[in-house]
Amino acid sequence: MTTAGWRVDRGDQGYPACLEYLDRPPAALFGLGCCDLVGELREERAVTIVGSRRSGGYGRGVARDLGYAAAGAGLVVVSGMALGCDSAAHEGALDARGRTIAVLGGGVDVVSPPSKTDLYRRILARDGAVISEYPLGTVPEPHHFPARNRIMAALAKLTIVVEGRHRSGTQITTKEAERIGHDLGAVPGPVTSPLSELPNELIKAGAVMIRNSQDLLDEVLGVGVIAADVFGPELEPELRLALSAVESGAASADAVAIQADLDGSTTAVTLVRLELMGYLAGDALGRYARTALREPG
Amino acid sequence: MCSPALVRRYRNRISGALADRIDISLLVEQPAADSLSSEAGESSAAVRARVVAARKLALVRQGCMNAELSPAAIRRQARMTTAAKAALVAGHTRMGLSGRGHDRVLRVARTLADLHGEPGIDESHIAGALAYRRRGGE
């Protein structure tokens, strides 16, 4: 793990060319980790995955799957290390043993949010990079984040919005991507959820609909170039019952137990097994959401 | 019931290192009215008999309780099936299990196997132990 910080100024070799699309490119970039990953970044070999900090199992699960598939196909996953979707996208990329870049709103030595310290270390340990236009030691301030978001939009040709509300930080990222002529993708969500406002509207306005990993890979690499690993392992009858219950709306272990008519301890074990197999994503409160992984056959 | 934000704030007051040492946490929801009137569950005496039997299994096998096993000893006594090993690896990648958490999950899984009177740890025992650890990652 490289712990020494580095700095590249605009005009230097090692300054990402794609930042020149911006109205006011950062005068310098400060970084930790692999500086070649940033310096040699080609925007068509990267994907920015962003979304709400408030996302629950659905948004985080999808962000993780997309990060996993993108990194697994050799793409660099760019995001902002925020709670919710951003960190899930980084985690997915790391789980696929891929490389990922986190763009921070403060100095690269100021872990923000602090609860993501483990993730920050993992990103650096796996030859990734943490970058910022703010010097070491800078404490992130609210007005830094819109500026940070423009960098995320510039680093990848495609920006995917997983979840987000109107007038959110996520929307700033999409506006910037549009302005510099980069592509937008959005993950459709339930029309009754406020977090679907932004992605559903983007789709209506012509953004690429990203329903799963395959849609992402088709968009970045060309249709059918790489087939996403979309099928999970075979399911026993008990697992099938619990999965159907989640698919039809049961989110907690208790609700699944009632709907699938399983006893409490069987249900708890079954849900974790489904999570370990990749079919479900659990959140901090013990609520489960379906991932994009499909059953074989 | 407390709002998710309140629950998260309370959780955040417990440091990661401390939370890592809590082996069992459960989400308890308000029971539905009709579930209260249905037939009674297992008797405490039956549960006690199962616990006594499990403790005896552990004592006979290794001379102490599972909780008292050293990291090296629990790995030796785990006797995991291939599926259990894969599930434990998935626990690290998919559920953010820490290094410290690894051995603690093994101890709880060993106990679950003992409660079922089984010689080796299977996938369902690992999943059970992980289910008890499910708590605020964020």
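Just so we're clear, the structure is a prediction, and the values are computed from it rather than from any experiment. (Residues numbered from 1 in each chain as written. Chains lettered and ligands numbered in written order. Predicted model: local features only at pLDDT ≥ 70, side-chain atom pairs only at ≥ 80, totals over all residues. Heavy atoms only, no water.)

### So, the overall build of chain A
Looking only at helices and strands, chain A features 11 helices and 11 strands. In chain A, the proportion of contacts linking residues at least 24 apart, taken out of those at least 6 apart, comes to 70%. As presented, chain A carries roughly 12,400 Å² of accessible surface, and 51% of it is formed by carbon and sulfur atoms. (Helix = DSSP H or I, 4+ residues; strand = E, 2+ residues; numbered from the N terminus. Contact = heavy atoms within 4.5 Å. Areas by Shrake-Rupley, 256 points an atom, 1.4 Å probe, with all protein chains shown as cover.)

### Topic: the pattern of salt bridges
Residue and element names in this part refer to chain B. By the definition in use, this model includes 26 salt bridges over all chains. Note that Arg100 is salt-bridged to Asp20, the shortest N-O span being 3.1 Å. Of this pair, Arg100 sits in helix H7 (residues 99–115) while Asp20 sits in the loop between helix H2 (16–19) and helix H3 (33–37); the two residues are 80 residues apart in sequence, bridging distant segments of the chain. Note on Arg100: relative accessible area 35%, which makes it partly exposed. One salt-bridge network, held together by shared partners, links Asp20, Asp23, Arg100, Arg104 and Arg133. (Salt bridge = Lys/Arg side-chain N within 4 Å of Asp/Glu carboxyl O. Buried < 20%, exposed > 50% of the residue type's maximum accessible area, 1.4 Å probe, protein only.)

### Some remarks on the nonpolar core
Ranked by size, the top nonpolar core spans 42 residues in total, and within it A:Leu274, B:Ile121 and B:Ile126 carry the most contacts. Mapped by element, the contributors of at least two residues to this core are helix H9 (237–247), helix H10 (253–260) and helix H11 (264–277) of chain A together with helix H5 (71–78), helix H6 (82–95), H7 and helix H8 (123–133) of chain B. Ignoring sequence-local partners within four residues, the contact set of B:Ile121 consists of B:Ala78, B:Arg79, B:Met80, B:Thr81, B:Ala84, B:Leu106, B:Ala109, B:Arg110, B:Ala113 and B:Ile126. If you look at the next biggest cluster of nonpolar residues, it comprises 34 residues, including A:Leu22, A:Ala186, A:Leu198 and A:Ala207. (Core = buried A, V, L, I, M, F, W, Y, C linked by side-chain atoms within 4.5 Å.)

### Some words on a nonpolar patch on the surface
Residue and element names in this part refer to chain B. Taken together, Ile24, Leu26 and Val28 make up a surface patch of nonpolar side chains, about 340 Å² in accessible area. Positionally, Val28 belongs in the loop between H2 and H3. For Val28, a relative accessible area of 69% gives the class exposed. (Patch = residues over 30% accessible without salt bridge, like charges linked within 9 Å, V, L, I, M, F, W, Y side chains within 5 Å.)

### Focus on the pairing of strand E6 (residues 129–132) of chain A
All names here are of chain A. Residues of E6 alternate between two faces, with Ala129 and Ile131 on one and Val130 and Ser132 on the opposite face, all of them buried. Direction of pairing for strand E2 (residues 28–33) relative to E6: antiparallel, over a ladder of 4 bridges. Its bridge partner lying in E6, Phe30 is registered against Ser132. Note that strand E5 (residues 100–103) and E6 share 3 bridges and pair parallel. Bridged to Val103 within E6 is Ile131. A crossover links E5 with its parallel partner E6, the connecting element being helix H4 (residues 117–125), and its sense is right-handed. (Pairing = 2+ DSSP bridges. Right-handed = clockwise from strand over helix to strand, strands pointing away.)

### Describing the environment of A:His166
Residues and elements named next belong to chain A. By the element assignment, His166 lies in the loop between strand E7 (158–161) and helix H6 (169–179). A residue is classified by how much of its surface remains accessible, and His166, at 28% relative accessible area, is partly exposed. For the pair formed by His166 and Pro194, sequence separation is 28 residues and the distance between their alpha carbons is 8.6 Å. Here His166 is in contact with Gln171, Glu197 and Glu201, once residues within four sequence places are set aside. Of the polar contacts made by the side chain of His166, one reaches the side chain of Glu201; its length is 3.3 Å. (Polar contact = N/O pair within 3.5 Å; in protein donor to acceptor, adjacent residues only side chain to side chain.)

### Points about unusual backbone geometry
All names here are of chain A. Cis geometry is found at the peptide bond from Ser112 to Pro113, where omega equals -5°. Turning to its location among the elements, Pro113 is positioned in the loop between E5 and H4. In this structure, Arg97 is a non-glycine residue whose phi angle is positive, near 60°. Its location among the elements puts Arg97 in the loop between helix H3 (85–95) and E5. With a relative accessible area of 68%, Arg97 lands in the exposed category. A positive phi angle is found at Asp127, which is not glycine, with a value near 65°.

### Brief notes about the pairing of strand E4 (residues 76–79) of chain A
All names here are of chain A. Here E4 shows two buried faces, one formed by Val76 and Val78 and the other by Val77 and Ser79. With 3 bridges joining them, strand E3 (residues 46–50) and E4 adopt parallel strand pairing. Each residue of the ladder has a partner; that of Val47, found in E4, is Val77. Where the polypeptide runs from E3 across helix H2 (residues 57–72) and back to E4, its parallel neighbour, the crossover connection is right-handed. As paired strands, E4 and E5 are joined by 3 bridges and run parallel to one another. In the sheet register, Val78 faces E5, and the bridge partner there is Ile101. Crossover connection from E4 via H3 to parallel E5: handedness right-handed.

### A few points about the sheet that holds E2(A)
Residues and elements named next belong to chain A. What the 9 strands build is an open sheet, ordered E1-E2-E6-E5-E4-E3-E7-E8-E9; its pairing is mixed. Sheet topology places strand E1 (6–9) and strand E9 (208–209) at the edges, where each strand pairs with a single neighbour. On the sheet, H2 packs against E3, E4 and E7 and is oriented at approximately 170° with respect to E3. Taken strand by strand, helix H7 (residues 197–204) contacts E7, strand E8 (183–186) and E9, and its axis lies near 125° from that of E8. (Axes fitted to C-alpha atoms, helices over the stretch in contact; angles between N-to-C directions.)

### Describing the interface of chain B and chain A
In this assembly, 23 residues from chain B lie in contact with 24 residues from chain A. Around 2,000 Å² of area is buried between chain B and chain A when both sides are counted, 54% of it from carbon and sulfur atoms. Taken together, chain B and chain A are joined by 1 salt bridge. Put simply, A:Arg273 and B:Glu123 hold a salt bridge, and the shortest N to O gap is 3.1 Å. Taken together, the connections running from chain B to chain A amount to 1 residue pair in polar contact (both at pLDDT 80 or more). (Buried area = accessible area lost by both parts, 1.4 Å probe.)

Such coordinate-based values are descriptive only and should not be taken to indicate function.
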